[in-house]
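A look at the structure
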Amino acid sequence: MTEESTVFDEPQPDPISDAPLDIAPRGFIGTKMQRASLHAELKAAGVELGAYDRLIVDWLAGWDYPTVATIASLIRRAAHHPR
């Protein structure tokens, strides 16, 4: 089954943590889903992206899941606790 054809019969838990991480997140989602997660977190945080920003987000999406999930978690937590 390819990433694009994956269908879930039940709602899936949100893999992005709202809390500080003490260990690396576990799991795997493909690059396409990682890209979507990063873009969703940035949009929810109200971050406007330029062309180069999008290029870097796409590049980050190709990293391993623990790295991408941690970055997405940092964006989420920063958005929820502005100073």
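Just above, that's the structure.
Heads up: these notes are all about the structure in this document. Counting of residues starts from 1 at the beginning of each chain's written sequence and follows it residue by residue. Totals for whole chains, interfaces and linings use all residues, but because this is a predicted model, local features are given only for residues with pLDDT of at least 70 and pairs of side-chain atoms are given and counted only at 80 or more. To get the side-chain values, all heavy atoms of the structure are used, and hydrogens and water are removed first.

A word on helix H1 (residues 31-44). With 14 residues, H1 should cover 20 Å at 1.5 Å per step; its first-to-last C-alpha distance of 20 Å lies within 8% of that length. Buried residues are those whose accessible area, probed at 1.4 Å on protein chains only, stays under 20% of the maximum for their type, while exposed residues exceed 50% and partly exposed ones sit between those limits. Only runs of H or I of at least four residues qualify as helices and only runs of E of at least two qualify as strands under DSSP, and these elements are numbered from the N terminus. Taken as a whole, H1 has its buried residues at Gln-34, Ser-37, Leu-38, Glu-41 and Leu-42. Buried residues along H1 cover an arc of 125 degrees about the axis, so they all sit on one side. The exposed residues of H1 that point more than 90 degrees off its buried face are Lys-43 and Ala-44. Packed against the buried residues of H1 are helix H2 (51-61) and helix H3 (65-80). Directly beyond the C-terminal end of H1, a positive phi value near 80 degrees is found at Gly-46. Take the number of residues in a helix, subtract one, and multiply by 1.5 Å to get its expected span. It is the directions from the helix axis to the C-beta atoms that the arc portrays. In this description, contact between two residues means that some pair of their heavy atoms is separated by no more than 4.5 Å.

This brings us to the pattern of salt bridges. We define a salt bridge as a side-chain nitrogen of Lys or Arg found within 4 Å of a carboxyl oxygen belonging to Asp or Glu. With the rule as written, the count across this model stands at three salt bridges. Where Arg-76 meets Asp-18, a salt bridge forms, and the shortest distance between an N and an O atom there is 2.9 Å. Placement of the pair is Arg-76 in helix H3 and Asp-18 in the segment before H1, with a sequence separation of 58 residues. Taking the shortest distance from any N to any O, the salt bridge between Arg-35 and Asp-58 comes out at 3.1 Å. Residue Arg-35 is found in helix H1, and its partner Asp-58 is found in helix H2; the two are separated by 23 residues along the sequence. When its relative accessible area of 32% is taken as the criterion, Asp-58 is described as partly exposed. Among the charged side chains, a salt-bridge network with shared partners connects Asp-18, Glu-41 and Arg-76.

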